[in-house]
Amino acid sequence: MSYSIRAESRGGGTVYLLGDTATGASASILPSYGFNLFDLRLPLAGQPRRVVVAGDGWEDAPDRPARNGVPILFPYPGRIRDACYTFGGKEFRLPATKPPHAIHGFAHEASWEVVAHEVGAAGATITGRLQLSKQVPAMAPLWPTDAVLEVTYTLAGRRLRMDIAVSNPTDAPLPFGFGIHPYFRLPFEPGGDPRRTLIVAPASECWVLSESLPTGERRPVGERHDFRRGRPMSDVQVDDVLTGLEFAGDGCTCRLIDEALGAEFRLEFDRAFRELVVFTPPGPGGVIAVEPYTQVPDAIHLQAQGIDAGLRVLAPGQRADLAIAMESSG
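Rules used in this analysis
Along each chain, residues carry numbers from 1 onward, in the same order as the chain's sequence is written. With pLDDT at 70 or above as the cut-off, local features in this predicted model cover only qualifying residues; side-chain atom pairs require 80 or more to be listed or tallied, and sums for whole chains, interfaces and linings still use all residues. Hydrogens and water molecules were not included; the side-chain quantities draw on all heavy atoms of the structure. We count a stretch as a helix when DSSP gives it H or I for four or more residues in a row; a strand needs E for two or more, and each element gets its number in order from the N terminus. In this scheme, a residue with accessible area under 20% of its type's maximum is buried, one over 50% is exposed, and one in between is partly exposed, where area comes from a 1.4 Å probe on protein chains only. Two residues qualify as a contact provided that any one of their heavy atoms is within 4.5 Å of a heavy atom in the partner residue. His is not counted here, nor are the chain ends, while Lys and Arg score as positive and Asp and Glu score as negative. Charged groups are reduced to one reference atom each: NZ for lysine, CZ for arginine, CG for aspartic acid, CD for glutamic acid. Two strands qualify as a pair provided that DSSP identifies no fewer than 2 bridges between them. The angle between two axes is taken between their N-to-C directions and runs from 0 to 180 degrees, where each axis is a line fitted to C-alpha atoms and a helix contributes only its stretch in contact. Pairing of aromatic rings covers Phe, Tyr and Trp, the last counted by its six-membered ring, and requires centre-to-centre distances within 6.5 Å; plane angles under 30 degrees mean stacked, over 60 mean edge-to-face, and any other angle means tilted. Only when the NZ of Lys or the CZ of Arg is both within 6 Å of the ring centre and within 35 degrees of the ring normal is a charge said to sit over the ring. Salt bridge, as applied in this entry: a Lys or Arg side-chain nitrogen positioned within 4 Å of an Asp or Glu carboxyl oxygen.

A. Up close: the overall build of the chain. Counting its regular elements, the chain contains two helices and 27 strands. Of all 330 residues assigned to the chain, the portion counted as buried reaches 56%. Residue pairs in contact within the chain that sit at least 24 positions apart in sequence constitute 63% of those at least 6 positions apart. Computed over 32 positive and 39 negative side-chain charges, the separation of the two mean positions in the chain equals 2 Å.

B. Here's a closer look at the pairing of strand β3 (residues 25-30). Taking burial as the measure, the six residues of β3 include five buried ones, the bulk of the element. Where strand β2 (residues 13-20) and β3 come together, five bridges link them in antiparallel fashion. Each bridged residue has a counterpart across the sheet, and for D20 the counterpart in β3 is A25. Hairpin connection from β2 to β3: four residues lie between these consecutive antiparallel strands, with G24 at a positive phi of about 85°.

C. Seen up close, the pairing of strand β27 (residues 319-329). Within β27, eight of the eleven residues are buried, which leaves it mostly tucked inside the rest of the structure. Note: strand β14 (residues 159-167) against β27, nine bridges, orientation antiparallel. Bridge pairing in β27 links V166 to A320. Here strand β23 (residues 263-270) pairs with β27 via six bridges, running antiparallel. Along β27, the bridge assignment pairs F269 with I324.

D. Just the sheet that holds β23, in detail. Sheet architecture is open: eight strands sit in the order β11-β12-β13-β14-β27-β23-β22-β18, paired in antiparallel fashion. Bordering the open sheet on either side are β11 (113-120) and β18 (197-200), each of which pairs with just one other strand. Each neighbouring strand pair of the sheet contributes to a mean axis angle of 15°, computed without reference to strand direction.

E. Seen up close, the packing of aromatic side chains. With the rule as written, the count across this model stands at 14 aromatic pairs. Between Y76 and F106 the ring centres are 6.0 Å apart and the planes differ by 90°, which places this aromatic pair in the edge-to-face class. Remark: F106 occurs in the loop between β10 (102-103) and β11 and Y76 occurs in the loop between β6 (72-73) and β7 (79-80); sequence separation between them is 30 residues. Cluster of aromatic residues (ring-pair linked, three or more members): Y76, Y85, F92, F106 and W143. Geometry around W207 places R218 over its ring, the cationic atom sitting 5.5 Å from the centre. It is R231 that lies over the ring of F227; its NZ or CZ is 4.9 Å from the centre.

F. Spatial organisation of unusual backbone geometry. Of note, the bond from P99 into P100 is cis; its omega dihedral lies within 30 degrees of zero at 5°. With respect to the helices and strands, P100 occurs in the loop between β9 (90-93) and β10. The peptide bond linking L186 to P187 adopts the cis configuration, its omega dihedral lying at 0°. With respect to the helices and strands, the residue P187 is situated in the loop between β17 (183-185) and β18.

G. The arrangement of the sheet that holds strand β5 (residues 47-50) in detail. One open sheet accounts for five strands, arranged β1-β2-β3-β4-β5; its pairing is antiparallel. Each edge of the sheet is formed by a strand with only one pairing partner; in this case those strands are β1 (3-10) and β5. This sheet shows a mean twist of 20° between the axes of neighbouring strands, independent of strand direction. For β3 and strand β4 (residues 36-44), the ladder comprises five bridges, and the chain directions are antiparallel. Among the inter-strand pairings, S26 is bridged to a residue of β4, identified as R41.

H. Main features of the environment of R79. Mapped onto the elements, R79 comes out in strand β7. Given the relative accessible area of 16%, R79 is considered buried. The spatial distance from the C-alpha of R79 to the C-alpha of L37 is 22 Å, given a sequence separation of 42 residues. Leave out the neighbours within four places in its chain, and R79 touches K98, H101, A102, I103, S212, L213, P297 and D298.

I. How the structure looks around the environment of A323. If you trace the backbone, A323 turns up in strand β27. With 50 residues separating them in the primary sequence, A323 and F273 have C-alpha atoms 9.0 Å apart.

J. The arrangement of the pattern of salt bridges in detail. As enumerated under the stated definition, the model contains 27 salt bridges in all. Between E327 and R266 there is a salt bridge, with its nearest N and O atoms 3.7 Å apart. Placement of E327 in strand β27 and of R266 in strand β23 is noted, with a sequence separation of 61 residues between them. The exposure classification of E327 matches that of R266, with both residues buried. Residues joined in a network through salt bridges with shared partners are R159, R255, E264, R266, E268 and E327.

As structure tokens, then:
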């Protein structure tokens, strides 16, 4: 069997390294800081290459939790206007983490519990668990009810799968949204030619934004937002929310293509995800964030206005399952 798991002590906590010696693929996860998949290496053009980007040595002194690796966004992705909302007739006030708004939930810098890790026929697997009342007790009263989030990473061959389960352990309704904020390298080779790359995202509409918050209006994508036929990395400078996603069967696939290397990376997600944020972060370049969300940012306000913004509500005892996968070819 070519799969392996090992644990290493780092300054930021214990890092779990999943590996596949047959392909050279590897995945590094830091449970103590958001269960963050901060390093993913997949075979591309004949050798393992980093496709997920974090700062060098980030795991030794982790910070800026929404700017490294694959931050997990829960119980809401994106912003909540004015860090305040009402649900079930009660008002809740959140920390203004993106003043004057709140952003990205409570999971991405929390210390998660590792509940399982094993090597089996399906690959190398690790499962992390976050319960609001246990892992983030100071934040739990700021959400309408308690929630449990479990994420399982499985590495096998050229593929990393992410299985997500959200459950409501209480006797009250649980509103939630889920997203990831992954930072991908493109071109795959540092110093490569961004003009010979393509970003492909099958989205036909975009949400109209005002000061980075959706107004509730959707429009067909214009030239700036249209990634359906692919746009080179050198031509992209965006921070936008796309929708109207195209699914083939149960999955939607976004592609990052490095034509110089003849290699491709694919981000796939199931129908639980209906929005896609595309973001080029400030910095030296060569990084693109492609972020599947189950809801539009500020959904809890928009839904209260009668706008279908994707807010999910779980009944007591109910569970929702979601899936994301990252895979290479070429």
